[in-house]
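Coordinates in review
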Amino acid sequence: MIDTSAFQGKTAKYYTLGCKLNFSETSTFGRLLQDMGVRTAEKEERADICLINTCSVTEVADHKCRQAIHRMVRENPGSFVVVTGCYAQLKPDYVARIDGVDLVLGSNEKADLVQYLSNAWATRDGTARNAAGGNGALHEFHSVRTKDITSFQPSCSRGNRTRYFLKVQDGCNYFCTYCTIPYARGFSRNPTIASLVEQARRAAAEGGKEIVLTGVNIGDFGETTHERFIDLVRALDGVEGISRFRISSLEPDLLTDELIDYCAGSRAFMPHFHIPLQSGSDEVLRLMHRRYDTALFAHKIRLIKEKMPDAFIGVDVMVGCRGERPELFEECYEFLDSLPVTQLHVFPYSERPGTSALSIPYVVADKDKKARSNRLLKLSDEKTHAFYAAHIGQEAEVLFEKAARGKAMHGFTRNYIRVELSAREAREEFDNQLLRVRLGEFNHAGTALKAILL
Ligand code: SF4
């Protein structure tokens, strides 16, 4: 039993960078600290504890992490500063040397946050350390070897009152040539289906209506428990009270035909898919060590559309990676243009130290990366606009989210169209309610369709 009495009445601030998984984990840290008697500090208030959950997906992400740490230290003098997440795992020595940082937790250690925090807190002289300019950070980081990162921190957090994020998997075994995530988060691992169903039931009991399944490589579910992802989906589909499940992302080779088929007839899994393609050129996919080709990807998209014609399909694309010669980018563009996908999430390639992509000789200039990004973003806008426009005049079920009094309310349809209900028609009691609407024209900003209540 850990003695947490020293934390009673203390305050904390949290800052998260990166993916939905990080946000869900930060929210779990917040709940753990709350159970220790720590309340979240107000915006302008100095916090006793600052926790920064970092990301290291690109060079820009690393830079933002450093900025966030410096800002937290500056704005909360004397605070006990804890840094965890992917950047902390990959650059622990660097992070530990930042002035004002007290504790660096690697991917294995963050599951035991309370224990490490209590130990470090008991031996601290925070004011003196921060005032002296840091450099006394405890370094709870035991190894950078992927195989040694084995802990799993369960997490089912409430993004807002309507949407929960349920972490079903962590880590990755794929080692794509441009990616550092397996080094930062370890190999693929997962909790049992039974424990995840239990967490979903608790979310339903708290009034949650929608759950987003999160993870690093979700489709790889089962490495630890030898259960199948499709069986997790089936089990969750039976959780009463949860009206909607979404899967945050699925690798194309793990998005099985069986799963598509199941989702098409399921009670609560939404016609909404997010699939990382990364490149629409087979040559580039080979250089990336991705485990599929464009033919497989196109088959998955066609099957989804055949079974669920209204499905929203978001696609991740990386532009300007090493080896992407101009003609290969053109292949990628043509491929995406030819597919009935809804939205592109475009990421410019960023060089990551230690990745095997660095041995590919052809380098794309930054200005070309930018130009390629811009072309794909324009294509994405056109596709999203056409998808929305095709739904104008149709009836839809919308799950509305809380809005400030006197403001328009927003929500999403089953197939992820953002919908706006005017401030005049918005009601507090619509928060977290499923309502039937008719979809009207685009709103003023062009970011949602107007809702007409039925
Ligand atoms: S599938 Fe590839 S890109 Fe995704 S986390 Fe694993 S190694 Fe990284």
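So, a few notes on the structure that sits alongside this text. (Residues numbered from 1 in each chain as written. Predicted model: local features only at pLDDT ≥ 70, side-chain atom pairs only at ≥ 80, totals over all residues. Heavy atoms only, no water.)

**Some thoughts on the overall build of the protein chain**
- Of the regular secondary structure elements, the protein chain holds 14 helices and 18 strands.
- Radius of gyration (C-alpha) of the protein chain: 23 Å, near the 22 Å computed for a compact globule of 454 residues.
- Sorting the 454 residues of the protein chain into buried and exposed places 55% on the buried side.
- Taking the contacts inside the protein chain whose residues are at least 6 apart along the sequence as the reference set, 75% of them involve residues at least 24 apart.
- Surface exposure of the protein chain reaches about 19,700 Å², of which carbon and sulfur atoms provide 52%.
- Taken together, the 59 basic and 59 acidic charged side chains of the protein chain have centroids lying 3 Å from each other. (Helix = DSSP H or I, 4+ residues; strand = E, 2+ residues; numbered from the N terminus. Rg over C-alpha atoms; globule rule 2.2 N^0.38 Å. Buried < 20%, exposed > 50% of the residue type's maximum accessible area, 1.4 Å probe, protein only. Contact = heavy atoms within 4.5 Å. Areas by Shrake-Rupley, 256 points an atom, 1.4 Å probe, with all protein chains shown as cover. Lys, Arg positive; Asp, Glu negative; His and termini not counted. Charge placed at Lys NZ, Arg CZ, Asp CG, Glu CD.)

**Focus: the site of the ligand**
- Close to the ligand lie C172, Y174, F175, C176, Y178, C179, I181, P182, V216, N217, E251 and R290, which account for all nearby residues.
- Grouping the constituent residues of the shell around the ligand by class yields nine nonpolar, one polar and two charged. (Near = heavy atom within 4 Å. Nonpolar A, V, L, I, M, F, W, Y, C, P; charged D, E, K, R; others polar.)

**Thoughts on the pattern of salt bridges**
- In total, this model carries 34 salt bridges according to the counting rule given.
- In this structure, the salt-bridge partner of E25 is K110, at a minimum N-O distance of 3.2 Å. Here E25, found in helix α1 (residues 20-35), pairs with K110, found in the loop between β5 (101-105) and α5 (113-122); they are 85 residues apart in sequence, far enough to count as distant. K110 shares its class with E25; the two are buried.
- The salt bridge involving R185 is made with D170; its shortest N-O contact spans 3.1 Å. Of this pair, R185 sits in helix α7 (residues 181-185) while D170 sits in the loop between β8 (163-167) and α7, and the two are 15 residues apart along the sequence. Taken as a pair, R185 and D170 share a single burial class, namely buried.
- Through salt bridges with shared partners, one network takes in E25, K110, K167, D170, R185 and R189. (Salt bridge = Lys/Arg side-chain N within 4 Å of Asp/Glu carboxyl O.)

**Description of the sheet that holds strand β9 (residues 210-214)**
- Strand order in the open sheet formed by four strands is β7-β8-β9-β10, with mixed pairing between adjacent strands. Among the strands making up the open sheet, the edge pair consists of β7 (156-158) and β10 (244-247). Going across the sheet, the axis of each strand differs from the next one's by a mean of 25 degrees, ignoring polarity.
- α1 contacts β7, β8 and β9 of the sheet and is inclined by roughly 85 degrees relative to β7.
- Against the sheet, helix α8 (residues 193-205) touches β7, β8 and β9, its axis set at about 165 degrees to β8. (Pairing = 2+ DSSP bridges. Axes fitted to C-alpha atoms, helices over the stretch in contact; angles between N-to-C directions.)

**Let's talk about the environment of G171**
- Relative to the helices and strands, G171 resides in the loop between β8 and α7.
- The class of G171 is buried, set by a relative accessible area of 0%.
- Through-space distance from the C-alpha of G171 to that of A47 is 31 Å; in sequence the pair is 124 residues apart.

**Some thoughts on helix α13 (residues 326-338)**
- Here α13 is 13 residues long and its end C-alpha atoms lie 18 Å apart, about the 18 Å a rise of 1.5 Å per residue gives.
- Of the positions making up α13, those classed as buried are L328, F329, C332, Y333, F335 and L336. Projected down its long axis, α13 shows its buried positions confined to an angular sector of 165 degrees, all on one face.
- Where the residues of α13 are buried, they touch β11 (272-278), α11 (282-287), α12 (294-307), β12 (312-319), β13 (343-348) and α14 (366-389). (Expected span 1.5 Å × (residues − 1). Arc of directions from axis to C-beta.)

**A closer look at the pairing of strand β15 (residues 409-413)**
- Burial of β15 is extensive: four of the five residues sit out of reach of the surface.
- Where strand β14 (residues 395-400) and β15 come together, three bridges link them in antiparallel fashion. Paired with L399 across the strands is F412, a residue of β15.
- As judged from the four bridges shared by β15 and strand β16 (residues 418-421), these two strands associate in the antiparallel manner. Paired with G411 across the strands is V419, a residue of β16.
- Between β15 and β16, which pair antiparallel and follow one another directly, the connecting turn spans four residues, one of which, Y416, has a positive phi of 65 degrees.

**What about the nonpolar core?**
- L213, F229, L236 and L376 are the most contacted members of the largest nonpolar core, which has 71 residues in total.
- Excluding its chain neighbours within four sequence positions, the residues that come into contact with L376 are V317, V319, F329, Y333, L336, L344 and V346.
- Ranked by size, the runner-up nonpolar core spans 21 residues in total, among them C55, I69, V81 and V101. (Core = buried A, V, L, I, M, F, W, Y, C linked by side-chain atoms within 4.5 Å.)

**Focus on the packing of aromatic side chains**
- Applying the stated rule across the entire model yields twelve aromatic pairs.
- Measuring from centroid to centroid gives 5.3 Å for F312 and Y416, while their planes differ by 85 degrees, and the two rings are edge-to-face. With F312 in strand β12 and Y416 in the loop between β15 and β16, this residue pair connects regions lying 104 residues apart in the sequence.
- For F312, a relative accessible area of 3% translates into the label buried.
- Exposure remark for Y416: the relative accessible area of 25% places this residue in the partly exposed category.
- Each residue in the set F312, F387, F412 and Y416 is aromatic and connected to the rest through ring pairs, giving one cluster.
- Residue placement shows R291 over the ring face of Y174; its charged tip is 3.7 Å from the ring centre.
- The ring centre of Y333 lies 4.4 Å from the NZ or CZ of R375, which sits over that ring. (Phe/Tyr/Trp six-rings, centres within 6.5 Å; stacked < 30°, edge-to-face > 60°. Lys NZ or Arg CZ within 6 Å of the ring centre and 35° of its normal.)

**Some words on the packing of α8 against helix α9 (residues 229-237)**
- Packing of α8 against α9 brings their axes to within 10 Å, and their N-to-C directions diverge by 30 degrees. Overall, the two elements α8 and α9 adopt an arrangement that is roughly parallel. In this structure, α8 crosses over α9, and the sense of that crossing is right-handed. When α8 is examined against α9, the residues I193, L196, V197 and A200 are found in contact with a partner set consisting of D231, L232, A235 and L236. (Parallel < 35°, antiparallel > 145°, perpendicular 65-115°, else oblique. Left-handed = near helix turned anticlockwise from the far one by under 90°.)

**Thoughts on the environment of F229**
- Mapped onto the secondary structure, F229 falls in helix α9.
- Between the C-alpha atoms of F229 and T256, which are 27 residues apart in sequence, the distance is 9.9 Å.

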